[in-house]
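# Survey of secondary and tertiary structure
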Amino acid sequence: MSRQVPLPSRPAIPVAFFAMVAAVASIRACLWWRWRITDAWPAAVLTLMGACALAAPRLWGRAARTGPAAVLLVLSLGFASGSLCSGRVGACADDLASSAVSGWEFEIENDMTLSGGSWRGRAIAAREGSVGGSVWLVAPEELCRGSVIAGVGRFKPDGDDRWGRASYSQGVCGTVTLARVASAHEASGVAGAVLAFRRSLVESLCPSGAETPAGAVLAGLVCGSTVGIKALGLDDAFAACGASHLIAVSGSHLSVVSALLAGLLGRVRGRRGGKLALHVLATGLFVVLCGGSPSAVRSWVMAVAAAGAGLAGRRGHALSSVSVTALSMALAQPEICGQLGYLLSVSCVCGIGLFGGYAKHVATVVLGAPVTPRWAPGRLGRAIAFCRRYVVESVALGAVCQLVSLPVAVPAFGKLSVIGLAAQVPLSALFAPALASGLVFIALRGVPLLGDAARSCAFLAASSLARLVGFFSSAPICSVAVEAGEGELWAALVALAALLLLAWPRVTRAGCAAAAACAAAVCAAYLARWRWFSPPRICVMDVGQADAVLLADGGSTLLVDAGVDGGVASALARNHVYHLDAILLTHLDEDHVGGLDDLVGVADVGAVYVAQGVAEAMDDRLRACVERLSGGAPREVSYGDVLRVGGYDARVVWPREAVDGDGNEDSVMLSVTYGRDGRSLSALLTGDAEKDELARVIEAGDVGDVDFLKVGHHGSAASIEPGEAALLSAEVAAASAGEGNRYGHPRQECVDALESSGSLFLCTKDVGDVTVSPGKAGPSVSCSKGTVSIE
């Protein structure tokens, strides 16, 4: 049957596509490296590219195609546009840094989200006589999208780290933190009316403070609002399933919706102009409902350009249309080349244009051709064929979007959904009914009986979608943390795309099954190796200015503290850990518990432990996170309790009484011992405990000479005294600290005390992950950056 499925022809790649890629790449390079038009390198490139563009036709003869010359010319324009934009961003940062924040006005660009007790969002900064630009805005209260505000605060320009460069690449010059909002005025006119209408819709679907999963999902589907979804923690579940694009009107969302709608309209009889107008209006409704944000408008324009070419009977020109559209946007507004929404839109729409037909071919071979079954003639048979066709197209388009957007999504989110493709079929099947019923409910809202019926149908469909997402996200290892650079991922994707375009193979169902079986066998062998046969080790993982220590032996694992953000998920992934028997939180500081949210769906966690008395002191958000992660309430450990991790015994030696977990002095300290097969190791893990607590533990005889010391409180000046270091006499001591941290950790006093006692001192900011393993003649030490030796 698979041989009867026709193989689509290779796509014709237009010059406009290569020109668009060249422009985006050159603009991103200028913004990432902060080149300005006066810098020597961009000027040299501009001159060289311009010369090549003018000379190319003459060098290659009259018969040569002008495509290469056009690409080179666009490349030079990209460098010019990008360097000018970089200059504007830098000038805005200089103006903000040299003036009082109170003299500026800020227009809120998006929905603000609550994080760490403050509301965060993006805003446009403006002041008379100054160069305006975009900033990240942190405010003490929630502010509506479109509002123009003024206040008192401070400005911090983008740093030179990865986050700072990524912000600069988006046209964001820094962060404004407001201590007080002096004035706030909501948007007026048409924009104000649209935003007010959207706010009323979101409130009717998902009332603030009374969020439900169904209401939050509906608000995300039809209004692009993720406030309720984030409040309920559903964003992590959707991300784990690879379905984040379903709950926000984004580039990938609109590209999938537009392609599916174009496919349906293509099978409906009618004039092309009418179908195109219907397509524009239907997809434009999404843009209106999401508040008309610039990112959604750009996504809509590109999606309409691609689908419009197809509906107009010029499918071969769909890629040309979207390439020209994306190129025009990039040259007119260069900062969008660093924005996630634009990159997702371009990658998804171009990916569908290049490989959508081939993906449908593969999906048809694997799932079967969507033909009318013989046993169900008439309308029933046509309905069955329609449903099968919808499933095939949903799977094909969803797979293409997920694959081509990996170089954008993986560096941004640090996760890769393992079950994304498997979840695509049922989630896509519920996506359309939930979205359609939500739109019907909005249209009939306020109509007696009909409005109530439409509401019930919409909430039933959305509730089913939320439950299905919860089911998939609860699967073990439904997503994995991935550490990969954007450049490497783009190179791999380009190589695979070129190989596919050159080979363009005809697939068979048996071949697909064999390939899937081989991939599953390789993955199973890898997971079994690290799940049940992991070597014994203690690893102080590099998670920035935070703590995360891994104990592993065979099939047993314990994570002591969870870092501050998604860095802990990446650290576990590079250490091949996807299952945790338990997590022990030494205390409740954010740099020890902040990464728990990012472990949902990434690692299968058995239990979460805290010190005696801390469970009652947890806030509701953290308690809910623990329950979502481990499936139960946090458990408490007290002085003298022992946690066994394979051959390791981890005994609690501090605190000795109930605590609330708020202070460093409440940190759990573990005395760890290992002894198997002639190998041994003794260690002391201190959390954020400092010299006073350490002195009492040593005085009580709970710990003595150790092989390895995890230094307390990131190596602060008060972490250890020289006498304590001499008594412990650790061969290796490691501190966890972030590069360039504002505290100066590790402090020189700490380093001197440990090195004077004969310890080899290591810090994660210098050597990366520090792994200590049991040995027959002392501990074995390795680092992820560089090498170390013990004399």
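Quick summary incoming for the structure in this document. The structure presented is a predicted model; accordingly, all values stated were derived computationally and were not measured. (Residues numbered from 1 in each chain as written. Predicted model: local features only at pLDDT ≥ 70, side-chain atom pairs only at ≥ 80, totals over all residues. Heavy atoms only, no water.)

Attention now goes to the sheet that holds strand β21 (residues 760-763). With mixed pairing, seven strands are arranged side by side in an open sheet as β15-β16-β17-β18-β19-β20-β21. What marks the edges here is a single partner per strand, and that holds for β15 (642-645) and β21. Within this sheet the neighbouring strands show an average axis-to-axis angle of 20 degrees, counted without direction. Bridge analysis of strand β17 (residues 669-676) against strand β18 (residues 679-685) gives seven bridges, and the strand direction is antiparallel. Opposite Tyr674, over in β18, you have Leu681 as the bridge partner. With respect to the sheet, helix α25 (residues 691-699) is in contact with β16 (648-654), β17 and β18, its orientation differing from that of β16 by roughly 110 degrees. (Pairing = 2+ DSSP bridges. Helix = DSSP H or I, 4+ residues; strand = E, 2+ residues; numbered from the N terminus. Axes fitted to C-alpha atoms, helices over the stretch in contact; angles between N-to-C directions. Contact = heavy atoms within 4.5 Å.)

Let us look at the pattern of salt bridges. Taken as a whole, this structure holds 17 salt bridges when the rule is applied. The salt bridge partner of Arg28 is Glu486, with a shortest N-O separation of 2.4 Å. Placement of the pair is Arg28 in helix α1 (residues 15-32) and Glu486 in helix α18 (residues 486-503), with a sequence separation of 458 residues. In this structure Arg28 comes out as partly exposed when scored by relative accessible area, which is 21%. Residue classification places Glu486 among the buried residues on the basis of a relative accessible area of 19%. Across the pair Arg145 and Asp111 runs a salt bridge, and its minimum N-O distance is 3.7 Å. Highlighted residues: Arg145 in the loop between β4 (133-139) and β5 (148-157) and Asp111 in the loop between β1 (105-108) and β2 (113-115), separated in sequence by 34 residues. Overall, the relative accessible area of 21% leaves Asp111 in the partly exposed class. Here the salt bridges share partners, and the residues they tie into one network are Asp111, Arg145 and Arg198. (Salt bridge = Lys/Arg side-chain N within 4 Å of Asp/Glu carboxyl O. Buried < 20%, exposed > 50% of the residue type's maximum accessible area, 1.4 Å probe, protein only.)

Judged by nonpolar contacts, the single largest core of 72 residues is most densely connected at Leu551, Ile583 and Leu596. Excluding anything up to four places from it in sequence, Leu596 contacts Ala562, Ile583, Leu585, Leu622, Cys625, Val626 and Leu629. (Core = buried A, V, L, I, M, F, W, Y, C linked by side-chain atoms within 4.5 Å.)

Right, let's get into the packing of helix α15 (residues 406-413) against α18. Running from amino to carboxyl end, α15 crosses α18 at an angle of 155 degrees, the nearest separation of the two axes being 9 Å. Judged by the angle between their axes, α15 and α18 are roughly antiparallel. Where α15 crosses over α18, the two elements pack in a sense that is right-handed. Across the interface between the two elements, Leu406, Pro407, Val408, Val410 and Pro411 of α15 pack against Glu486, Leu489, Trp490 and Leu493 of α18. Here the residues of the contact of α15 with α18 sort into eight nonpolar, no polar and one charged. (Parallel < 35°, antiparallel > 145°, perpendicular 65-115°, else oblique. Left-handed = near helix turned anticlockwise from the far one by under 90°. Nonpolar A, V, L, I, M, F, W, Y, C, P; charged D, E, K, R; others polar.)

Quick look at the sheet that holds strand β14 (residues 635-637) now. One open sheet holds the eight strands; their spatial order is β14-β13-β12-β11-β10-β9-β22-β23, and the pairing between them is mixed. The sheet terminates laterally at β14 and β23 (780-783), the two strands that pair on one side only. Taking the axes of each pair of neighbouring strands and ignoring which way they run, one obtains an average angle of 25 degrees across the sheet. Of the strand pairs in this sheet, strand β11 (residues 556-560) and strand β12 (residues 579-584) are connected by three bridges, and their pairing is parallel. Bridging across to β12, Val560 finds its partner in Leu584. Packing of helix α19 (residues 509-532) onto the sheet brings it into contact with β9 (534-540), β10 (549-554) and β12, and relative to β9 it is tilted by some 70 degrees. Together, β12 and β13 (604-611) form the strand contacts of helix α24 (residues 620-630), whose direction differs from that of β13 by roughly 145 degrees.

What follows concerns the state of the cysteines. As enumerated under the stated definition, the model contains zero disulfides in all. In this structure Cys30 is a free cysteine whose sulfur lies 9.4 Å from that of Cys85, the closest cysteine sulfur available. The exposure class assigned to Cys30 is buried, which follows from its relative accessible area of 0%. (Disulfide = S-S within 2.5 Å.)

As a further point, take the packing of aromatic side chains. Overall, the coordinates contain six aromatic pairs when judged by the stated rule. Both rings, one in Phe17 and one in Phe18, keep their centres 5.7 Å apart while their planes meet at 75 degrees; by these two values the pair is edge-to-face. According to the relative accessible area criterion, Phe18 is partly exposed, its value standing at 44%. Look at Tyr648 and Tyr674: their rings are 4.8 Å apart centre to centre, the planes differ by 50 degrees, and that puts the pair in the tilted class. With a gap of 26 residues between them, Tyr648 in strand β16 and Tyr674 in strand β17 connect regions that are remote in the sequence. Each member of the pair Tyr648 and Tyr674 is classed as buried. When the ring centre of Trp136 is taken as reference, the NZ or CZ atom of Arg122 above it lies at 5.9 Å. Over the aromatic face of Trp530 sits the side chain of Arg529, whose NZ or CZ is 4.3 Å from the ring centroid. (Phe/Tyr/Trp six-rings, centres within 6.5 Å; stacked < 30°, edge-to-face > 60°. Lys NZ or Arg CZ within 6 Å of the ring centre and 35° of its normal.)

Going residue by residue along β23, you find Val781 and Cys783 tucked away on one face and Ser780 and Ser782 left uncovered on the opposite face. Taken together, the four bridges between strand β22 (residues 770-773) and β23 define a ladder with antiparallel strand orientation. In the sheet register, Ser773 faces β23, and the bridge partner there is Ser780. Following β22, the chain reverses through six residues before pairing antiparallel with β23; Gly778 in that reversal takes a positive phi of roughly 120 degrees.

If you check which residues of α15 are buried, you get Pro407, Val408, Ala409 and Val410. Where α15 ends, the next residue or the one after it, Gly414, has phi of about 70 degrees, a positive value.

With that settled, consider helix α6 (residues 213-223). Along α6, 10 of the 11 residues are buried, which leaves the element largely enclosed by surrounding structure. All of the buried residues in α6 are Ala214, Gly215, Ala216, Val217, Leu218, Ala219, Gly220, Leu221, Val222 and Cys223. Just past α6, the residue Gly224 takes up positive phi, approximately 70 degrees.

Here we take up the pairing of β1. Walk down a regular strand and you will see the side chains alternate between the two sheet faces. Residues of β1 alternate between two faces, with Phe106 and Ile108 buried on one and Glu105 and Glu107 left unburied on the opposite face. As judged from the four bridges shared by β1 and strand β3 (residues 118-126), these two strands associate in the antiparallel manner. Note on β3: the bridge partner recorded for Phe106 is Ala125. By the bridge criterion, two bridges tie β1 to β5 in an arrangement that is antiparallel. Looking at β5, one finds that Glu107 is bridged to Val148.

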